[in-house]
Amino acid sequence: ENSNKIAILGDLHWGARSDNLQVINHFKKFFSDVFFPDLEKRGIRDIIQCGDLVDRRKFININTAHELHKNFTEPIIEKNLILDIIIGNHDTFYKGTNSVNALNLLYRDAPSNIRYFQNPKEIMIEHVKFLYLPWICEDNAEQSFDMVEKSDADYLIGHLELAGFEMYKGHT
């Protein structure tokens, strides 16, 4: 069945505010009481996470990793949903490359319905072409700009810093 619906998440920042337990409890409640029930109600099977799944570049707290797995990853696996994760700047250790990242560790042995992207890639979801654009850094800049220029994708989804863009009122 083609649902033609996709859930899009971004900037979850698991571990935010120094792994604050209230924030983690808020995440748990959101995913168990709102997000996953709503996906089921709407018949949505595809999820795109647009970067910054985790909060800190340098490390992830063991309890945060546990809660992320228990409350986000496990339900995706159990419900046989499809999760595509685009690497964000907070997911990577180095600023010049996306190759050392938290997702390499968290999802190294994940089932095939969970994929992550550290370089640009065109993906088909239900006959719609997406260009995934992870955090642009020194290692992937040329490939990223080349793919943006040449792609015939219907949608570009990325983790981007856009110069001159007003993120919210008064903050450029």
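Residues numbered from 1 in each chain as written. Predicted model: local features only at pLDDT ≥ 70, side-chain atom pairs only at ≥ 80, totals over all residues. Heavy atoms only, no water.

A.B. asks: Honestly, the nonpolar core in this entry has me stumped. Any pointers?
C.D. replies: Ranked by size, the top nonpolar core spans 26 residues in total, and within it F31, I47, L53 and F72 carry the most contacts. Every element with two or more residues in this core is listed here: β1 (6-9), α2 (21-42), α3 (62-78), β3 (82-86) and α4 (102-106). Those residues in contact with L53 that lie beyond four places of it in its chain are L12, H13, W14, L68, F72, I85, D91, L103 and Y107. C50, F117, I125 and Y132 belong to the second largest nonpolar core, which has nine residues in total. (Core = buried A, V, L, I, M, F, W, Y, C linked by side-chain atoms within 4.5 Å. Buried < 20%, exposed > 50% of the residue type's maximum accessible area, 1.4 Å probe, protein only. Helix = DSSP H or I, 4+ residues; strand = E, 2+ residues; numbered from the N terminus. Contact = heavy atoms within 4.5 Å.)

A.B. asks: What am I meant to see in the environment of D19 here?
C.D. replies: Looking at where D19 falls in the secondary structure, it is placed in helix α1 (residues 16-19). Classification of D19 as buried rests on a relative accessible area of 12%. Residues within four places of D19 in sequence aside, it is in contact with I24, R56, N61 and T64. A polar atom in the side chain of D19 sits 2.4 Å from the side chain of T64. (Polar contact = N/O pair within 3.5 Å; in protein donor to acceptor, adjacent residues only side chain to side chain.)

A.B. asks: Explain the packing of α2 against α3 here, please?
C.D. replies: Two packed helices can be described by the angle between their axes and the distance between those axes. In contact at an axis separation of 11 Å, α2 and α3 are set at 0° when each is read in the N-to-C sense. Judged by the inter-axis angle, α2 sits roughly parallel to α3. The residues of α3 that touch α2, namely those facing L21, I24, K28, F31 and F36, are N63, T64, E67, N71, F72, P75 and I76. Partitioned by chemical class, the residues of the contact of α2 with α3 number seven nonpolar, three polar and two charged. (Axes fitted to C-alpha atoms, helices over the stretch in contact; angles between N-to-C directions. Parallel < 35°, antiparallel > 145°, perpendicular 65-115°, else oblique. Nonpolar A, V, L, I, M, F, W, Y, C, P; charged D, E, K, R; others polar.)

Interpretation note: all reported values are geometric properties and have no functional meaning in isolation.
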